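Chains, contacts and geometry: an overview
Each chain, written out:
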Amino acid sequence: MGARDSEPSDPGRTARDLRPLLVFFFFSGAAGLIYQVIWVREFGNIFGNTIHSASLVVAVFMGGLGLGAALAGRWADRRYAGDAVAPLKLYARVEILIAVSALAVALGLPALVELSAPISRYVPGPNGWFVPSTGSHAARYAVAVAILLPATTLMGATLTLLIRYAVAADVASAGWRIGLLYAANTLGAAAGTFLTDMLLVPSMGLRGTQMVAVLANLGASLGAFRLSAGRSGGAAGLEAPPAVAAEGSGAGVSGVLLGAAIFLAGFAAMGMEIVWFRHMSSMQVGQRSVFSTVLGVILLGIVAGSFAGGRIERRTRRPVEIFVVCQACFVAATLAGLFLYHRVAVSDVLRSAREQFGTLPEAAVLALRFGVRLVPTLFVVGLPALFLGATFPLVNACIQRAEHTVGRRAGALYFANTFGGVAGSLVAGFAILPALGSRPAVALLCAVAGAGVVVMQLAASGLSGTGSRVRAAACTGTAAAIGAGVLLWLQTDADFLVMRSIEPLLRREGVQVLAVSEGTTETAVVLTRGDYSDLVTDGHPMSSTHRLGQRYMRAFSHLPLLMMDSPERVLVICFGVGNTLHAASLHPSVRELDVADLSENVLGQARWFADANGNVLSDPRVRVFVNDGRQHLRMSPENRYDLVTLEPPPINLAGVSALYSKEFYELARSRLRPGGFVTQWLPPKQVSAEAVLAAVRAFIEVFPQAVLVSGTGLELILMGTSADGIKIDAARVARILAERPAVREDLKRYSMARLTEIVGSFVSDAATMERVTNGVPPLTDDLPIMEYAEFTPGVDRIPTELFNVEAVAAWCPGCFSDGEPVAPLTDLREHLSVSSILYAQPHLGRSIEGLEKLPLSARNTILRSPYFLSYFRTDARGGTDEPSSQGAE
C-alpha cells in the first residue's frame, strides 16, 4: 500500500494522549445531535411538518459538516506546519463559535414564523391539487442555508482539526486514532439523541434543550483551551517527505477512487437509514421514542464499528480487505434483519406478562415496552450499522501516507462520505421509495454498497502500484456474493416489507387487501372486512368506514355546522378516508370546502372509500392543498373559515402535537370568521392523563367558549368558537335538520339524528375544563409533552375528572324546564347517564359481559339505542365487531 512517514523525534509532533480529546469530542457530538433533532422540529413548526422541511434541515446539516471538514482540513495542515498544537487551539475557538452561532439560531428561529407565509405560494399540480411551488421550496432551502450553514460548517471543522492534532506525525496509526475520535464523537451523538427525546425536551422544552447543547460546546472549548495551555508545539518545519514520491503516479487517481468508494458507502448507508426509519416506524408505531431509539441504535452501531475497525486495522494493516468484508457483512446483516423480523405488539407482550405474573409494577411495564422495541432494533438496524461504522477509519488508513496532508485528506474523505449520505437520503426518500417501493429500494442500495467494493479494489490497485491478485479475486468474489444476495432478496414478494408490517391486521378473520401503495411520506394499505374498510398507513390503522368510526368523524363537521345558520367556508385538516369532508359537503350553504393533507398518497386512496365519502374529492366546491395544515393556515388570510376541523393521526405519533399546541390554536382562531368554530379530536386512551389535560388547557386558553363532546364513546371532540358564547338551541337544530334533509339522513345512518343523541353527545363544559386544568401547563410548541406521554394500560389513567355530563344545561339551557328535560328530550338524562358510565368505565364496553354488569335502567336505555347497542354487538364467534382504532398496536 506504499510507504508511510517514520515518526519524528520532535516532541511537539509525537503521538498524542487521546483520552482528553475523546472527552471533548464526546460532548461536541452530543451537542451536534441535539441541535439537529431540535432544528428539524423547529423548522417543521415554521414551514410545516413535511418531508421537505425535515429533508432540507438534514441536508444542510450534513452538507455543512462535510464542507466544514474539507475546508478545515487544509487550514489545519497549514497551521500545524507552523505550530503542532495550533489545531487544538483552533478547535477550542471553533467550539466557542459553534456555541455562539447555535445560540443565535435558537433565539432567532421563532422569528421566522412571520417569514413563512410571505415566501410561500401554491401552484396547481398535475391532478388539479394545489402544491407548494418550486420557488417556495427554494426559498425555504435558502433560509435554511443562511441560518444553519455557518453553525454546521463550524461543527464539521471540529473533526478534521482534532484529527490533525491527534494523528500528528504518527500516520502509521492514523486509522485507529481516527476511529477512536470518530467513535467518541458518535457516542456523544447517540447520547444526545437519547437524552433529547427521553429526558431533556420532556422536562426542559426545545429552547432549554438547546441551552444544554450550548453549554456542552463551551465545556469542550474550555477543556481544549486548558489542554493546549499546558503544551508547546514548535514549528513542525514540514516538507514533502520522500514517502510521498514513493506513492507513485497513481496515488492521485487512487485518492479520487477512495473518495468515490466512501461516497458510495455513505449513499448506501443513509439511503438504508430512510428505509429503516420507515420500516421500524411501521413495525413499532411511529412515536417519538421509536425514532430516537432507531437513531440512537444506528449511532451506537457506528460507534462500535468505528472502534473495532480502527483496532483491527491497527493489528492487521489490511484496511482494504477489512473494508470489503464490512461492506459484505453490511449487506448480509441488512437483508437478514429485514427478512427475519416479525412484528410483535407491545400490548400483546404486556398482556402475556400480566397473565403470567399478575399486576406489574410501573418500572417493569416501562422496561418491557422499551425492551420490545430495543431488541429487534438492535438486530435489524444496529448490526448493519456496526459494519458501516468501520468505513471512515478504514478508508483513512488507506490514504493517510504523509504527515503534512493528514487534515486535508481526512477532510476530503469526510466531505465525500457526508455528501454521499445527503445524496442517498434524498434519492431514496424522494425517488426510489415512491417510484419502486421498499423491496427494490433495499436491493438497489445494497447493490450500491457492492459497487463500493469494486471501486475500493481499483483504488487499492493504484495505491500499491501493481495490485494483488489475491485481493482482487477476494473483492470480485465479495461483489459477486453481494449481487447474489440482492438477487435472492428480489425473490421475495413485491410488497414483502409492507405486508410484514401489517401481519397482526391480516390475521383478523375475513380481512382482504384491496390496495398497497408506497409514497414519499408513508406506505398506505387499504383493507376490507365485512361491510367496512380501513386505511392503514405505515402499518397502523388511521381511518375507517366502520359505523362507529364514521359516527365520530362525521360529528367533527355536523355538530358545529348545525349550530350555524349559513356556514360557507370549511377547512378539513387531514383527509383520512373522507368521512369528515363528506359530512361537511352535505350542508347546502357551504360553498367552499378546503382540505389540507400532507400526503398525495393518502388522498389517492379516496376512491376505495367512495361508498362512504361519496367521491367528495370530485365535488367542484372542494380544493385540495397538499401541505401541512398549520402551514396552510399561515398561507390563508385572516377571517376566512367558518369551521376549521381536524381529523389528525394518532396523537402520540411524532409531529402530531404541532396540531394541538396553544400556538396552533391561536393561528386557527385568527383564520376564523366571527362566530366560527374549531373542532379537534381528543382520544384520552392514547396519551397519559397529564398530556390530555395539557392539550385541553391549550385549547381553552385560546377558546374559553368551548365544550367537550363525544362522537363515539371516548372518541372525544373539543369544540370551541370565536363567538361570545357557545350554546346549542335544540329547537333551532330541529329546524335546520328539517331544512337539510341530506344532513338529517346522514346523521340518522349513524344514530345521531335524534335531538337526544345530538345534545347527549355532551361530555363537559368550559367551566369544568377550566377548573380541572387550572395550574396545568398548556401544551406548547416548546414543550410538546404529548409526544412523550404514551398511554400504558394498567399504569396510566383516563382523566375522568374532565367528565361532567350534569353540566349539560350550560350548553343547552333551553333543553330543560324546572330542571327537567323538555320534549322531545325527555330521555336525555338516561342517555347521559349511560354515556357517563361508559366514559368512566370504558372497559365495560365491547362485550355482553360488560352489558350485564350495568344497572337495569342503563340496560334498558342501551337496548332502545342503536348507538349504544353497537358497543355490545357480537359476531358469530362471540367476539366483538369493532373498528380498528387509530394508533392501536
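Scroll up for the structure.
The structure contained in this document is the topic of the report that follows. Nothing here was measured: the structure is a model prediction, and the numbers come from that model.

Quick look at the layout of surface pockets now. Quantified by volume, the second largest pocket comes out at close to 570 Å³. Along the wall of the second largest pocket there are 23 residues; nearest its centre are S289, R369, Y788, A789 and E790. Mapped by element, the contributors of at least two residues to the lining of the second largest pocket are helix 6 (174-229), helix 9 (288-316) and helix 12 (362-389). Classifying every residue of the lining of the second largest pocket gives 9 nonpolar, 6 polar and 8 charged.

We now examine the nonpolar core. Among the nonpolar cores identified, the biggest contains 132 residues, and L21, Y35 and W39 are the most heavily contacted of them. With 17 residues, the top contributor of residues to this core is helix 6. If sequence neighbours within four positions are ignored, Y35 has contacts with F61, I98, A102, M155, Q210, A213, V214 and N217. Core analysis: the next-biggest nonpolar cluster, separate from the first, contains 108 residues, V624, L659, M769 and C815 among them.

This part is about the packing of aromatic side chains. Applying the stated criterion to the full structure yields 22 aromatic pairs. Pairing Y182 with F392 gives two aromatic rings, centres 5.0 Å apart and planes at 40 degrees, and the pair type is tilted. Of the two residues, Y182 sits in helix 6 while F392 sits in helix 13 (residues 391-399), which places them 210 residues apart along the sequence. Across the pair, exposure class does not vary: Y182 and F392 are buried alike. A ring pair is formed by F277 and F291, whose centres lie 6.1 Å apart and whose planes are at 35 degrees; its orientation type is tilted.

When you tally the buried positions in strand 8 (residues 592-597), you get 6 out of 6 residues, the bulk of the element. Every second residue of strand 8 is oriented toward a common face, with E592, D594 and A596 on one face and L593, V595 and D597 on the other, all of them buried. Both strand 7 (residues 569-573) and strand 8 contribute to a ladder of 5 bridges, which runs parallel. Counterpart to V572 in the pairing with strand 8 is V595. Since strand 7 and strand 8 lie parallel, the crossover through helix 20 (residues 579-585) that links them has a hand, and here it is right-handed. Taken together, the 5 bridges between strand 8 and strand 9 (residues 622-626) define a ladder with parallel strand orientation. Counterpart to A596 in the pairing with strand 9 is F625.

Our next topic: the sheet that holds strand 5 (residues 532-537). The strands making up a sheet associate through hydrogen bonds between their backbones, and the pairing can be parallel or antiparallel. A sheet is described by the order of its strands in space; here 4 strands give the open sequence 3-4-5-6, paired in antiparallel fashion. Two strands lie at the open edges of the sheet, namely strand 3 (511-518) and strand 6 (540-544), each paired on one side alone. Strand-to-strand twist in this sheet, taken as the mean axis angle between neighbours without regard to direction, amounts to 25 degrees. Direction of pairing for strand 5 relative to strand 6: antiparallel, over a ladder of 4 bridges. Note on strand 6: the bridge partner recorded for D534 is S544.

Before going further, it helps to examine unusual backbone geometry. Trans peptide bonds make up the majority, and among non-glycine residues the majority have a negative phi. Cis geometry marks the peptide bond from A823 to P824; its omega dihedral reads 5 degrees. Residue position: P824 is located in the loop between strand 16 (820-821) and helix 31 (828-840). For N615, which is not glycine, the phi torsion reads 50 degrees and is therefore positive. Residue position: N615 is located in the loop between helix 22 (610-613) and strand 9. Since its relative accessible area comes to 44%, N615 is described here as partly exposed. Phi at D818 takes a positive value of approximately 55 degrees, unusual for a residue other than glycine. Looking at the secondary structure, you find D818 in the loop between strand 15 (816-817) and strand 16. On the basis of relative accessibility, which here comes to 80%, the residue D818 falls in the exposed class.

For the rest of this paragraph, the subject is the packing of helix 1 (residues 18-47) against helix 2 (residues 51-82). Between helix 1 and helix 2, the least distance of the axes is 9 Å, while the angle of their chain directions is 145 degrees. At the point where helix 1 passes helix 2, the crossing takes the right-handed sense. Where helix 1 abuts helix 2, its residues G32, Y35, Q36, W39, V40, F43, G44 and F47 lie against S53, A54, L56, V57, V58 and F61. Its residues assigned to classes, the contact of helix 1 with helix 2 comprises 10 nonpolar, 4 polar and no charged.

What follows deals with the state of the cysteines. Taken as a whole, this structure holds 1 disulfide when the rule is applied. In this model, C812 is linked to C815 through a disulfide, with the two sulfur atoms separated by 1.7 Å. The chirality of the disulfide connecting C812 with C815 is right-handed, given an S-S dihedral of about 60 degrees. The structure places no disulfide on C326, whose sulfur is separated from the nearest cysteine sulfur, that of C329, by 6.4 Å. On the accessibility criterion, C326 (11% relative accessible area) is buried.

The next thing to look at is the side chain of T158. Summarising the element assignment, T158 is placed in helix 5 (residues 134-167). Not counting chain neighbours up to four residues away, the residues in contact with T158 comprise F25, S28, Y91, V94, E95 and I98.

Reading the values: the criteria
- Residues numbered from 1 in each chain as written.
- Predicted model: local features only at pLDDT ≥ 70, side-chain atom pairs only at ≥ 80, totals over all residues.
- Heavy atoms only, no water.
- 1 Å grid on protein atoms, 1.4 Å probe; cavity = no way out; pocket = protein on both sides within 12 Å on 5 of 7 lines; lining within 4 Å.
- Points joined across faces, edges and corners; volume = space filled by probe spheres on them.
- Helix = DSSP H or I, 4+ residues; strand = E, 2+ residues; numbered from the N terminus.
- Nonpolar A, V, L, I, M, F, W, Y, C, P; charged D, E, K, R; others polar.
- Core = buried A, V, L, I, M, F, W, Y, C linked by side-chain atoms within 4.5 Å.
- Buried < 20%, exposed > 50% of the residue type's maximum accessible area, 1.4 Å probe, protein only.
- Contact = heavy atoms within 4.5 Å.
- Phe/Tyr/Trp six-rings, centres within 6.5 Å; stacked < 30°, edge-to-face > 60°.
- Pairing = 2+ DSSP bridges.
- Right-handed = clockwise from strand over helix to strand, strands pointing away.
- Axes fitted to C-alpha atoms, helices over the stretch in contact; angles between N-to-C directions.
- Left-handed = near helix turned anticlockwise from the far one by under 90°.
- Disulfide = S-S within 2.5 Å.

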